[in-house]
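# Inside the fold
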Amino acid sequence: MVVARVALAAPLLAGAVAACGADAAPSRQLSVEAQKGEAVARRAGCAGCHGGADGGATIGPSWVGLWGTGVTLDDGTVVEFDEQFVRTAVRDPDAQRPEGTWLHMPAFSERQVSEADLQALIVYLRELGPSS
Ligand code: HEC
């Protein structure tokens, strides 16, 4: 009986492992620095609101495909999603609120997200942008 059960379970298991492998396959190749940024996004809690490389944003806008595009702010001005924009979004989010957003993003001090962490985040978001 035991043998039969194992024999039955084996192909099921193999299928599950194969499926997991497919899910885990990265949808894009991130540089080492961008992978650091991805880890920072998870550790600092950004990913909980913004999701990751495969989308999954909940509270904040997804970052995928945004780099280099124009973001319309709630006062009607259009700014480029670039290094300066991301820097302000993290340090002083209320200074530039994207149009149509009603939730406020918390600011992150240097104690929470160091300069080095912010640099890695910037590289990460750039690599999530449209591949030009
Ligand atoms: C509690 C949820 C939450 C967390 C945590 C959070 N954000 Fe945000 N984020 C938001 C919301 C909501 C907005 C849009 C409104 C605003 O800017 O206040 C936003 C906007 C942004 C924008 C502008 C996006 C756009 O499409 O215009 C960037 C860039 C950003 N966040 C980066 C980060 C980074 C980097 C971190 C981590 C250090 C982070 N966020 C953590 C909720 C969050």
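Model, not experiment: these values are computed from the prediction.

Reading guide: rules and limits
Residues numbered from 1 in each chain as written. Predicted model: local features only at pLDDT ≥ 70, side-chain atom pairs only at ≥ 80, totals over all residues. Heavy atoms only, no water. Near = heavy atom within 4 Å. Polar contact = N/O pair within 3.5 Å; in protein donor to acceptor, adjacent residues only side chain to side chain. Helix = DSSP H or I, 4+ residues; strand = E, 2+ residues; numbered from the N terminus. Donors = N, O, S within 2.8 Å, 3.2 Å for Na, K, Ca; no water. Tetrahedral: all angles 85-135°; square planar, octahedral: opposite > 155°, others 65-115°. Buried < 20%, exposed > 50% of the residue type's maximum accessible area, 1.4 Å probe, protein only. pLDDT = per-residue confidence, 0-100. Contact = heavy atoms within 4.5 Å.

## A few points about the site of the ligand
- Neighbouring the ligand are 24 residues, the closest being Cys 46, Cys 49, His 50, Arg 97 and Met 105.
- At a separation of 2.8 Å, a nitrogen atom of the ligand approaches a polar side-chain atom of His 50.
- Between Arg 97 and the ligand, the recorded distance is 2.9 Å, taken from a side-chain N or O atom to an oxygen atom.
- Listing elements by their share of the shell around the ligand, those giving two or more residues are helix H3 (46-50) and helix H4 (83-91).

## Section: the coordination of the iron atom of the ligand
- Looking at the iron atom of the ligand, one finds its protein donor set to be His 50 (NE2) and Met 105 (SD), positioned 1.9 to 2.0 Å from the metal centre.
- Every donor counted, the six donor atoms about the iron atom of the ligand form angles of 85 to 178 degrees at the centre, which fits octahedral coordination. Placement of His 50 in helix H3 and of Met 105 in the loop between H4 and helix H5 (115-128) is noted, with a sequence separation of 55 residues between them.
- For His 50, a relative accessible area of 10% corresponds to the buried category.

## A short note on the environment of Lys 36
- Within the fold, Lys 36 resides in helix H2 (residues 32-43).
- On the accessibility criterion, Lys 36 (49% relative accessible area) is partly exposed.
- Residues Lys 36 and Leu 121 lie 85 residues apart in sequence; the distance between their C-alpha atoms is 7.6 Å.

## Observations concerning the confidence of the model for the protein
- Per-residue pLDDT for the protein has a mean of 85; in total, 78% of the residues score no lower than 70.
- Residue range residues 6-25 is modelled with pLDDT below 50. Its contacts to residues more than four positions away, or to other chains, number zero contacts.

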